[in-house]
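In case you want the letters, here they are:
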Amino acid sequence: MSNKMHIKLNVNGKAEEFLAEPRELLIYTLRERLNITGPHIGCETSHCGACTVTIDGKSVKACTMFVAQANGAEVTTIEGIGGPDDLHPLQTAFKEHHGLQCGYCTPGMITRATKLLEDIPNPTEEEIRFGMAGNLCRCTGYQNIVKSIKAAAAEMNAAKEAAE
Amino acid sequence: MIPAAFEYYRPSDLAGVIELLEEHGDDARVMAGGHSLIPMMKLRMADVPHLIDLQGISGLSDITIDTESIRIGALVTQTNIICHEDLAAAAPILRETALQIADPQVRNMGTVGGNVANGDPGNDMPGLMQCLNASFTLIGPDGERNVAARDFYEAAYMTAREDDEVLTAVTIPLPEGGYAYEKQKRKIGDYATAAAAVQITKIGETCASASIAMTNLSDIPVFSEAASTALVGTSVDDAALKAAVGAMLGDIDPTEDNRGPVAFKKHVAGVILRRAILRAWSRA
């Protein structure tokens, strides 16, 4: 039982290889094995979305995926989206529009929002609320999160237009 | 929350899956997206010494629509259902239902096959498939067989699937007429307090056929033949609605839990079914 498996992941563009028990949950792999601590553990029951990462282009809750399932996948976390010196427009917008208070849900929020804006580049408030329904925030009341995502969408669309 | 240790398998074809199921019997479980099974394993309520991940098997992720029926592979996700325009045109009730399941991240992983095969009374697809008179394809050591959704569910988590069989596809006769999936839940991501799936056809102003199934109001989904029959031949007026709701209440068997006492659930079931019928009728 519990033979370790040879796991290969690509996390934020970097190839990772290691041995792990298949039962290891991806969120623990990221946080404790790879020291990528942006994705947070909130509820650990696939409700809160604090652990949201992008796996092969899809938003997924990393607390509800075994590392064995993710074997061979490309994973993007908040660390792969932007950093202190090169903030993603969503990160800038969350900062400017007070889209966070305690900040615990924010990495998951922004990681999810990057996919939402890929799917719907100019979302309505309703589309934002529906698309972000898998991410809970206990501080903001969501108003400023919606505002931040709208602002980031406008910023990103303007930048795209200017580039064309 | 660390689940018990298990052996992990990712076979590349169905023969490999069936071989493992034959070898390990009920010590083995197949997994699609895992969003029902993994939470149960984390709580150690499900003991799965041998976990068979289906993600490596090709041919289970297709949606095909022909002139008579729709075939949905077991690994088609709820997100795939929502995004498929031809499917939404052919059977809009599928998208309407999938949009009411969980949240975007969970819908990216959760599959149709897992939802119907798991046998959780809270899942939405089983009631929907009973409403649509779908059938499930099961493949095992003795070959392939089809079981009607209306005959598939025996008790909570108990289905007609044998331990060495895999559910590979859902086949739905092309639905006709108006439709509605109406669900009352406490919050996003919650199971239904009550939900109703309704398909109705009309000739002139008279109901020609109706199909009604209810979710999370018994230990299995409830296809209510009596409620369906109560609408046929009527103009779906208030008397017909009352008769259908009354018939449905005779078929469900809710239990008290954290979603409320039995009387409340029956009340909600009535409200939800009435709304679903009226919406389906307005679209017929």
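The rules behind these values
Residues numbered from 1 in each chain as written. Chains lettered and ligands numbered in written order. Predicted model: local features only at pLDDT ≥ 70, side-chain atom pairs only at ≥ 80, totals over all residues. Domains from an automatic or database assignment. Contact = placed C-beta atoms within 7 Å. Helix = DSSP H or I, 4+ residues; strand = E, 2+ residues; numbered from the N terminus. Nonpolar A, V, L, I, M, F, W, Y, C, P; charged D, E, K, R; others polar. Pairing = 2+ DSSP bridges. Core = buried A, V, L, I, M, F, W, Y, C linked by C-beta atoms within 7 Å. Buried ≥ 20, exposed ≤ 12 C-beta atoms within 10 Å, placed from the backbone. Axes fitted to C-alpha atoms, helices over the stretch in contact; angles between N-to-C directions. Expected span 1.5 Å × (residues − 1). Parallel < 35°, antiparallel > 145°, perpendicular 65-115°, else oblique. Left-handed = near helix turned anticlockwise from the far one by under 90°.

*Asks:* What should I look at first to understand the domain arrangement of chain B in this one?
*Replies:* Many descriptions give the size of an interface as the accessible area lost when the pieces come together. All names here are of chain B. When cut into domains, chain B gives domain 1 (7–53), domain 2 (63–173) and domain 3 (178–283). Computed from C-alpha atoms alone, the centre-to-centre distance between domain 1 and domain 2 is 19 Å. With 13 residues of domain 1 in contact, the opposing surface of domain 2 contributes 17 residues. The biggest single contributor to the side of domain 1 that touches domain 2 is helix H1 (residues 14–24), with five residues. Considering only residue class, the side of domain 1 that touches domain 2 consists of six nonpolar, five polar and two charged.

*Asks:* How should the interface of chain B and chain A be read in this particular structure?
*Replies:* The partner chain A presents 24 residues to the 21 residues of chain B that form the contact. For the side of chain B that touches chain A, the elements supplying multiple residues, two or more each, are strand E1 (7–9), helix H2 (37–42) and helix H6 (104–109) of chain B. A per-element tally of the side of chain B that touches chain A places H6(B) first, with five residues. Residues belonging to the side of chain B that touches chain A are distributed by class as follows: twelve nonpolar, six polar and three charged.

*Asks:* How should the pairing of strand E6 (residues 135–140) of chain B be read in this particular structure?
*Replies:* Residue and element names in this part refer to chain B. Bridging between E6 and strand E7 (residues 143–148) involves six bridges; their strand directions are antiparallel. Residue Thr 137 lies in a different strand from E7, and its bridge partner there is Asn 146. What sits between E6 and E7 in their antiparallel hairpin is a turn of two residues. Here E6 pairs with strand E10 (residues 166–173) via five bridges, running antiparallel. For Ser 135, the partnering residue across the bridge sits in E10 and is Thr 171.

*Asks:* Explain the nonpolar core to me, please; I cannot follow it from the model alone.
*Replies:* As a rule of thumb, nonpolar side chains are buried together in soluble globular proteins. Residues and elements named next belong to chain B. Counting 131 residues, the largest nonpolar core has Val 198, Ile 212, Met 214 and Leu 273 as its most contacted members. Ranked by residue count, the leading element in this core is helix H12 (residues 262–283), at seven residues. When neighbours within four sequence positions are excluded, Leu 273 is seen to be in contact with Ala 196, Ile 212, Ala 244, Val 245 and Met 248.

*Asks:* Looking at this structure, I do not really get the sheet that holds strand E4 (residues 58–61) of chain A. What am I missing?
*Replies:* Strands belonging to one sheet form pairs held by backbone hydrogen bonds; the direction of such a pair is parallel or antiparallel. Residue and element names in this part refer to chain A. Reading across the sheet, the five strands line up as E2-E1-E5-E3-E4 and stay open at both edges, with mixed pairing between neighbours. The sheet is open, and its two edges are formed by strand E2 (14–20) and E4, each paired on a single side. Taking the axes of each pair of neighbouring strands and ignoring which way they run, one obtains an average angle of 40° across the sheet. Pairing analysis gives seven bridges linking strand E1 (residues 5–11) to E2, with the strands arranged antiparallel. From the neighbouring strand, Val 11 faces E2, where its bridge partner is Lys 14. Against the sheet, helix H4 (residues 106–119) makes contact with strand E3 (52–55) and E4, and its axis sits at roughly 35° relative to E3, the strand it touches most.

*Asks:* Teacher, can you tell me more about the sheet that holds strand E3 (residues 50–53) of chain B here?
*Replies:* Residue and element names in this part refer to chain B. Strands sit in the order E1-E3-E2 across an open sheet of three strands; the sheet is parallel. Of all strands in the sheet, those with a lone pairing partner are E1 and strand E2 (28–31), marking the two edges. Going across the sheet, the axis of each strand differs from the next one's by a mean of 20°, ignoring polarity. One ladder, built from three bridges, connects E1 with E3; its direction is parallel. Of the residues in E3, the one forming a bridge with Glu 7 is His 50.

*Asks:* Before we go on, may I ask you to explain H12(B) in this structure?
*Replies:* Note that an α-helix has 3.6 residues per turn; residues three or four places apart therefore point the same way. All names here are of chain B. A rise of 1.5 Å per residue sets the reference length of H12, with its 22 residues, at 32 Å; its end C-alpha atoms lie 31 Å apart and thus fit the reference within 8%. Of all the positions in H12, only Lys 265, Ala 269, Gly 270, Ile 272, Leu 273, Ala 276, Ile 277, Ala 280 and Trp 281 are classed as buried. Elements that come into contact with the buried residues of H12 comprise strand E11 (178–184), strand E12 (194–203), strand E13 (206–215), helix H10 (225–231) and helix H11 (238–251).

*Asks:* Honestly, the environment of B:Pro49 in this entry has me stumped. Any pointers?
*Replies:* Structurally, the position occupied by B:Pro49 is in the loop between H2 and E3. Residue class for B:Pro49 comes out partly exposed when judged on the 14 C-beta atoms lying within 10 Å of it.

*Asks:* What is the right way to look at the packing of H4(A) against helix H6 (residues 143–163) of chain A in this model?
*Replies:* Helices that pack against each other are described as a pair by the angle of their axes relative to one another and the distance between those axes. All names here are of chain A. One way to put it is that H4 packs onto H6 with a least axis distance of 11 Å and a crossing angle of 45°. Relative to H6, the element H4 is oriented oblique. Read as a crossing pair, H4 and H6 show a hand that is right-handed. Residues Met 109, Ala 113 and Leu 117 of H4 pack against Ile 145, Ile 149, Ala 152, Ala 153 and Met 156 of H6. Of the residues that constitute the contact of H4 with H6, the class distribution is eight nonpolar, no polar and no charged.

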